[in-house]
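# Observations on the three-dimensional arrangement
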Amino acid sequence: MRTVNLESQKNGTMSKAKEKSAKKRVVEEDDDQIFQLPIFGKDEKKAGEEDDADLSDSEESVFSGLEDSGSDSHDEEEDAEEGDDEEDDDAVILDEILTKSRGVETATEPPATDKNTPTQPDVKTAPKQKRKMKKGEGVAMDDGGEKGLSTTRLGDEYEHDTSDEEDIRNTVGNIPMEWYQDYPHIGYNLDGKKIFKPIRNKDELDEFLDKMENPDYWRTVHDKTTASDIRLSDEQVDLVHRLQKGQFGDVNFNEYEPSVDFFTNEVMIHPVTNRPQDKRSFIPSLIEKEKVSKLVHAIKMGWIKPRKPKETTPQYYDLWAKEDPNAILGRHKMHVPAPKMRLPGHEESYNPPPEYLLTEEERMAWEQQDAEDRKLPFLPQKHSCLRAVPAFSRFIHERFERCLDLYLCPRQRKMRVNVNPEDLIPKLPKPKDLQPFPTTMSLVYIGHSSLVRSISASPTGQWLVSGSDDCTVRLWEVNTGRCMKTLEVGGAVKSVVWNPNPAVCLVAVCFESTVLLLNPGLGDRLVVSSTDQLITSYEPPEEDKEQAVTWALSEGPEHDNGHRLTLTHPKAVKQVVWHGKGDYLASVMPDNSSNLQVLIHQVSKRRTQNPFRKNKGLVQCVSFHPLRPYFFVATQRYVRVYNLIKQELTKKLMTNCKWISSMAIHPGGDNLICGSYDCRLAWFDLDLSTKPYKMLRHHKKALRGVAYHKHYPLFASGADDGSVIICHGMVYNDLLQNPLIVPVKVLKGHQITHDLGVLDVTFHPTQPWVFSSGADATIRLFT
Amino acid sequence: MSQLQTRFFTDNKKYSVDDVPFSIPAASEVQELSNVINKLLEAKNGSHSQIEFDFLVRGQFLRTSLSNHMEAEGISTEDVVEIEYVERFTAPQPEECMMHDDWISSVEADSEWILTGSYDKTARIWSLEGKAVMTVAGHTDVVKDVAWVRRDGLTSLLLTASLDQTILLWEWNSERNKLKARHCCRGHAGSVDTIEKMVGHGRRRWGGFTPLMTLSGHNEAVSSVLWLDSEEICSASWDHTIRLWDAETGSVKTTLTGSKVFNHISYSPLCRRLASGSTDRHVRLWDPRSKDGSLVLLSLTSHSGWVTAVKWAPSHEHQLVSGSLDNLVKLWDTRSCKTPLYDVSAHEDKVLCVDWTDSRVRHQHTSSLY
């Protein structure tokens, strides 16, 4: 430091003009030298030594720097320029370093030049030295974090403004040097004089020669701003290498210095601050109070149970629950545990009890058997000791079988539904609750001598008419069983029907090909006479139309017998049926080959018409709808419902029977039952479907007659097995409720004659009584 | 063998015994008890002849052994048992068989004469001995019911109702055996099934020549009518009701509702009970005065067919007779409701009507076998 001051003093004595600025710089240099980076340590010493040595020279160099550069150092500059051209690669990388280390380079140069030209360097190196110093300072500034510390220590941080630290040998600044390409100079020095380019540029040959000859060519860098070549020192090269490797430029910089805590970790007894405590720190918190009161309230209300005793019993779970298919814990609902193998029994013992050993015959039988049929898959054998037991030859096979069993085991669970057969029976009310219905036979009407084909009760329920194969029609008093009248007709009576109109006393009887209208003369005299009057009051129309049927009025003894009108049909008549009003009458002549099977007669006008043009099959029976103008025609398998007014087919009911025998319409008109010769009774709900709503097969033999009760929810069926079965058939007004059908009673009484039992059934019009006529020539009343 | 303390008593002074308790074997039955009484009477009266007795324990006839009966009735055997004894009602025997040509529909007995109606459209008057005295012919159809109206000395008034919807009033002089038709009552629309002392079947009450009033209310055929007294008429119908009518106003006073068709009813002024025979084989006893309607007092069940006729005994308040379509006539005592006193099984066909003469029964049956 003192040396520098001395130097500056010397400087001051030497150059008056530059004294002030030089002083300034010296101050700077003082600072720098204290905190000089270690790189420059050596240089510093050298520089110091040089300073001492070059004291006299520094003045000259200041004034005659240009001349020096122009004359003395042109060799080096040429070299540098050449190197510049050639080693562009290096130049790119080293560009920055150059600017910073220019001073260094120049500083390091002198020793070499010293050797070559001992006199000159004194002149030249002084200013360079100064510059170098500045440069070194700049480098230090750039490199170190300690720059901050150093500046603060000195106070004026702006003194080190980098804008002042430009290389002032050429004052053009940091401009592209190409701009001076066309000029003989490359810039201006501090005094404003031109810095001229070297007179002769290095050509390629020079460059090459230089490259070949100069051993330091590789470390020579061309400085464009001064157009000189600079040879890098070893330290600089080392620095370049370090920077290239990404290391710190400073060799002595320790990256891993031990850390020093900013604050101590020891707890100190005195507060850090002297601030008094807040008021809120010693006043109970309102928020906490609110929380606590909430908890207290919850505890009071029992929502929270404080200090709930921990469950001391350990919680177990059944690890093997899945093995039990019934356990709830089975994770998979469909888990099927592997079937367990049977444990070995005595027969598998090496020394089984003698009863397990097979006798000779059993052994033979075992060998004869199929492998699958064998009770045991092996033969029990006796060995004297365990040592004598041979290896089980089928072991692999057996294991394989087991694996196969497990593998092929059906893992699907079969859902077996255990149905109690009694649950399948629909819940029907007990017959006891469905009273009244006929239960016992009360009266037997005896008188006929042959099977009674048909019966019918009078609308009042006082009389009963029956037609028999003994060619008679009998009229009975219902409550005593007295036969009031016996009327001879000319053939076996197929059908008798009492006129349903209580104001008309007429019975339609059909035998052979005749339909006879009888006036039985029973009941109210007034009605009887008015009926007669009705028949006699008929006046034939003027023009007599040709009709299929001849109407004849009975006279003489026949009239006295009750015969009123005789309708002679072209064919045998099987059935007659009245319309509910009692004026119309339908007769059936079954004939498969003709369309003349059904005729509708009007008694008051003595008119007959054939409603059907086509033959749709053998007609079994017909019936009128009780309320609406519908007409039911039963053929062998179907029941057709015709609208008589619109004259069209309304419905066709499939009975699923082979041969319909009889049919009855519910008094409500919406239900129908069909009896068939194949022992079935089909109930149709006309609103529901054209298929039977219920099919009853409770008769053992062919059904011959079915009937509905007019008022009670009852229907009856008579069959060849001699029984009459009474069923409760409730029809509800509610359309959503299906009819309830409950068989309630089997009534027996008729003898089976010639394989025929009951031929016709009919209900009493007012009482829950049923009449049945049988092949045993009797009529029975069940009440 | 356990013994029972019993005390015997009777209403009949002729057969009274000392009022002292007797010790009787508990297993003794009617016959043994009867012997005991006879022995006692013989001891009292040497000329006493053997008589069959019947015994009542608390109003019920003894039909089994004494111990069984008391067990069934829940009577304590510790106390002294009071046993009433009555002379046994002897079994009825058919006395006369009066043959009609046709079914007999009805019978009405007087003290001297028996009137029958028949399906041969006639009614007949018989003497008690069974001799046909008079044939009443005039109807054009079956005679359904007959009735005596009154008798003034030798002249009698009688009624016949027929299926021809008429009722004829006849005057008959028994001495001269002359019959004179007095009136013909028409007005029914339907056969007249029953009459009872000036009352026609159905809904009409007759007085003189024209129907006085029509009692309408039944929905179905009226099977039987009778006078309870001079102001009340009772009618039974097939619509399962028995109705009591006020004869003056013609309005319904009470309706007794049963569950089955009523065929016949009978009223006893002695016990004030109504007996009905219906199609469900039961004879039922009703109290017509009771206000609570359809309460059956007693059901007598033994018949196996429709009960077509019931008749209270005119002189005995406990006895009635019933006829049924099962060919049986049964004599009942209301004190023995389980079984009838006697079955009269002389008929070979349906019994249609029964009646009493004093204490003897006449029953009609219908048979075409004659």
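Basis of the calculations
- Residues numbered from 1 in each chain as written.
- Chains lettered and ligands numbered in written order.
- Predicted model: local features only at pLDDT ≥ 70, side-chain atom pairs only at ≥ 80, totals over all residues.
- Heavy atoms only, no water.
- Helix = DSSP H or I, 4+ residues; strand = E, 2+ residues; numbered from the N terminus.
- Buried < 20%, exposed > 50% of the residue type's maximum accessible area, 1.4 Å probe, protein only.
- Contact = heavy atoms within 4.5 Å.
- Areas by Shrake-Rupley, 256 points an atom, 1.4 Å probe, with all protein chains shown as cover.
- Pairing = 2+ DSSP bridges.
- Axes fitted to C-alpha atoms, helices over the stretch in contact; angles between N-to-C directions.
- Salt bridge = Lys/Arg side-chain N within 4 Å of Asp/Glu carboxyl O.
- Expected span 1.5 Å × (residues − 1).
- Arc of directions from axis to C-beta.
- 1 Å grid on protein atoms, 1.4 Å probe; cavity = no way out; pocket = protein on both sides within 12 Å on 5 of 7 lines; lining within 4 Å.
- Points joined across faces, edges and corners; volume = space filled by probe spheres on them.
- Nonpolar A, V, L, I, M, F, W, Y, C, P; charged D, E, K, R; others polar.
- Patch = residues over 30% accessible without salt bridge, like charges linked within 9 Å, V, L, I, M, F, W, Y side chains within 5 Å.
- Lys, Arg positive; Asp, Glu negative; His and termini not counted.
- Charge placed at Lys NZ, Arg CZ, Asp CG, Glu CD.
- Polar contact = N/O pair within 3.5 Å; in protein donor to acceptor, adjacent residues only side chain to side chain.
- Phe/Tyr/Trp six-rings, centres within 6.5 Å; stacked < 30°, edge-to-face > 60°.
- UniProt positions renumbered as here; feature names shortened; annotations may be inferred.
- pLDDT = per-residue confidence, 0-100.
- Core = buried A, V, L, I, M, F, W, Y, C linked by side-chain atoms within 4.5 Å.

When helices and strands are counted, chain A shows 17 helices and 33 strands. In chain A, buried positions account for 43% of the 783 residues. Considering only intrachain contacts with a sequence separation of at least 6, the fraction spanning at least 24 residues in chain A is 53%. Here chain A has roughly 47,200 Å² of accessible surface; of this, 54% comes from carbon and sulfur atoms.

It is worth spelling out the overall build of chain B at this point. A count of helices and strands for chain B gives two helices and 29 strands. Out of the 370 residues in chain B, the part that is buried amounts to 55%. Across chain B, the fraction of contacts at a sequence separation of at least 24, relative to all contacts at a separation of at least 6, is 43%.

Turning our eyes to something else, we now look at the sheet that holds strand E12 (residues 514-518) of chain A. All names here are of chain A. Strand order in the open sheet made by the five strands is E10-E11-E12-E14-E13, with antiparallel pairing throughout. Each having just a single partner strand, strand E10 (493-498) and strand E13 (550-553) make up the two edges of the open sheet. Neighbour-to-neighbour, the strand axes of the sheet open up by a mean angle of 20 degrees, direction not taken into account. As paired strands, strand E11 (residues 507-511) and E12 are joined by five bridges and run antiparallel to one another. Counterpart to Cys510 in the pairing with E12 is Val515.

With that settled, the discussion passes to the pattern of salt bridges. Between side chains of opposite charge, a pair can form when the charged atoms approach closely. In total, this model carries 14 salt bridges over all chains according to the counting rule given. A salt bridge links Asp532 of chain A to Arg564 of chain A; its shortest N-O distance comes to 2.4 Å. On the criterion of sequence distance, the pair formed by Asp532 of chain A in helix H16 (residues 525-536) and Arg564 of chain A in strand E14 (residues 563-568) is long-range, its members being 32 residues apart. On the accessibility criterion, Asp532 of chain A (19% relative accessible area) is buried. Relative accessible area serves as the criterion here: at 8%, Arg564 of chain A is assigned to the buried category. For Asp280 of chain B, the salt bridge goes to Arg284 of chain B, with nearest N and O atoms at 2.9 Å. In this structure, Asp280 of chain B and Arg284 of chain B share a single accessibility class: buried. Put simply, Arg342, Glu347 and Glu348 of chain A are held in one network by salt bridges that share partners.

With that settled, the discussion passes to H16 of chain A. All names here are of chain A. The first and last C-alpha atoms of H16 sit 17 Å apart over twelve residues, in line with the 16 Å expected at 1.5 Å per residue. By the burial criterion, the buried members of H16 are Val527, Val528, Thr531, Asp532 and Ile535. Seen from one end, H16 has its buried residues packed into an arc of 135 degrees, which puts them on one side. For H16, the exposed residues set more than 90 degrees away from the buried face come down to Leu526, Gln533 and Thr536. The inward-facing, buried residues of H16 contact E13 and E14.

The next thing to look at is empty space enclosed by the protein. Evaluation of the coordinates by the stated rule reveals eight cavities of 30 Å³ or more. Estimates place the volume of the second largest cavity at around 100 Å³. Class assignment of the residues belonging to the lining of the second largest cavity gives a composition of five nonpolar, five polar and three charged.

Size of an interface, as often reported, equals the accessible area lost when the parts are brought together. Contacts between the two partners involve 23 residues from chain A, matched on the other side by 23 residues from chain B. Our enumeration of links across chain A and chain B arrives at zero salt bridges. A total of three residues in the side of chain A that touches chain B trace back to one element, the largest contributor, which is strand E5 (residues 441-446) of chain A. Within the side of chain A that touches chain B, the residues separate by chemical class into seven nonpolar, twelve polar and four charged.

What follows deals with the sheet that holds strand E27 (residues 342-344) of chain B. Residues and elements named next belong to chain B. Reading across the sheet, the four strands line up as E24-E25-E26-E27 and stay open at both edges, with antiparallel pairing between neighbours. If you trace the sheet from one side to the other, it starts and ends with strand E24 (307-312) and E27, each paired once. Here the average twist between neighbouring strands, direction ignored, is 20 degrees. Of the strand pairs in this sheet, strand E25 (residues 319-324) and strand E26 (residues 329-333) are connected by five bridges, and their pairing is antiparallel. Bridge pairing links Gln319 to Asp333 in E26.

The next point concerns a negative patch on the surface. On the surface, a cluster of negative charge is made up of Glu360, Glu361, Glu362 and Glu367 of chain A. With respect to the helices and strands, Glu360 of chain A occurs in helix H13 (residues 360-368).

Once that is clear, we can look at the pairing of strand E3 (residues 220-223) of chain A. All names here are of chain A. A two-sided burial pattern is seen for E3, the buried positions comprising Thr220 and His222 on one face and Val221 and Asp223 on the other. As paired strands, E3 and strand E4 (residues 228-231) are joined by four bridges and run antiparallel to one another. Its bridge partner being in E4, Val221 is matched across the sheet by Ile230.

Moving on, we come to the side chain of Thr783 of chain A. One can find Thr783 of chain A in the segment after strand E33 (778-782). Side-chain polar atoms of Thr783 of chain A contact the side chain of Ser442 of chain A, separated by 2.4 Å.

The subject of this paragraph is the packing of aromatic side chains. Residue and element names in this part refer to chain A. One pass over the structure, following the stated rule, counts 14 aromatic pairs over all chains. With a centroid separation of 5.6 Å and an interplanar angle of 75 degrees, the aromatic rings of Trp683 and Tyr708 are classed as edge-to-face. Pair noted here: Trp683 is in strand E25 (residues 681-685) and Tyr708 is in strand E27 (residues 703-708), with a separation of 25 residues, a long-range link. The buried category is assigned to Trp683, whose relative accessible area is 0%. Judged by relative accessible area, which is 10%, Tyr708 ranks as buried.

All names here are of chain B. Mapped onto the present numbering, the UniProt feature "repeat: WD" (unreviewed entry) falls on residues 97-136, 136-180, 215-255, 265-287 and 300-336. Overall, residues 265-287 shows 0% helix and 65% strand. The separation of its end C-alpha atoms is 12 Å. Structurally, residues 300-336 comprises 0% helix and 51% strand, and the distance from its first C-alpha atom to its last is 9 Å.

Attention now moves to the pairing of strand E23 (residues 660-665) of chain A. Residues and elements named next belong to chain A. The element E23 is largely enclosed, with a buried count of six among its six residues. As defined by bridge partners, E23 adjoins strand E24 (residues 671-676) across five bridges and the pair is classed as antiparallel. If you follow Ile660 over to E24, its bridge partner there is Ser676. What sits between the antiparallel neighbours E23 and E24 is a turn of five residues, in which Gly669 has the positive phi angle 90 degrees.

Bringing the environment of Phe684 of chain A into the picture now. Residues and elements named next belong to chain A. Within the element layout of this structure, Phe684 appears in strand E25. The class for Phe684 is buried, based on a relative accessible area of 0%. Each C-alpha atom of the pair Phe684 and His666 lies 10.0 Å from the other, and the pair is 18 residues apart in sequence. Among all residues touching Phe684, those that are not within four sequence positions of it are Leu653, Met654, Thr655, Asp670, Asn671, Leu672, Cys674, Thr690, Lys691, Pro692 and Tyr693.

When the UniProt feature table is mapped to this numbering, "repeat: WD" (unreviewed entry) covers residues 445-486 and 751-783 of chain A. Summarising residues 751-783 of chain A: 0% helix, 48% strand, and an end-to-end C-alpha distance of 19 Å.

What follows is about the side chain of Arg640 of chain A. All names here are of chain A. Tracing the sequence through the fold places Arg640 in strand E21 (residues 638-643). Of the side chains with opposite charge, Glu648 lies nearest to the buried Arg640, which makes no salt bridge, at 14 Å. Here Arg640 is in contact with Lys616, Phe631, Phe632, Val633, Thr635, Leu649, Lys651 and Lys652, once residues within four sequence places are set aside.

This part covers the confidence of the model for chain A. On average, residues of chain A score 76 in pLDDT, and 76% of them reach the 70 mark or higher. Helix H12 (residues 286-301) of chain A holds the highest mean pLDDT among the elements of chain A, 94, whereas helix H5 (residues 65-72) of chain A holds the lowest, 40.

Before going further, it helps to spend a moment on unusual backbone geometry. The omega torsion of the bond from Gln435 of chain A to Pro436 of chain A falls at 0 degrees, within 30 degrees of zero and hence cis. With respect to the secondary-structure elements, Pro436 of chain A resides in the loop between helix H15 (421-424) and E5. In this model, His754 of chain A sits at a positive phi of 50 degrees, which is unusual for a non-glycine residue. Here His754 of chain A is to be found in the loop between strand E30 (740-748) and strand E31 (758-763). Look at Lys121 of chain B: it is not a glycine, yet its phi comes out positive at around 75 degrees.

Turning to the nonpolar core, a few remarks are in order. Membership of the largest hydrophobic core comes to 38 residues, with the highest contact counts inside it found for Tyr445, Leu464, Val473, Val509, Phe771 and Leu781 of chain A. With residues up to four places along the chain from it excluded, the contact list for Leu781 of chain A reads Thr440, Met441, Ser442, Leu443, Tyr445, Val478, Trp769, Val770 and Phe771 of chain A together with Trp306 of chain B. Ranked by size, the runner-up nonpolar core spans 22 residues in total, among them Ala26, Leu33, Val57 and Val81 of chain B.

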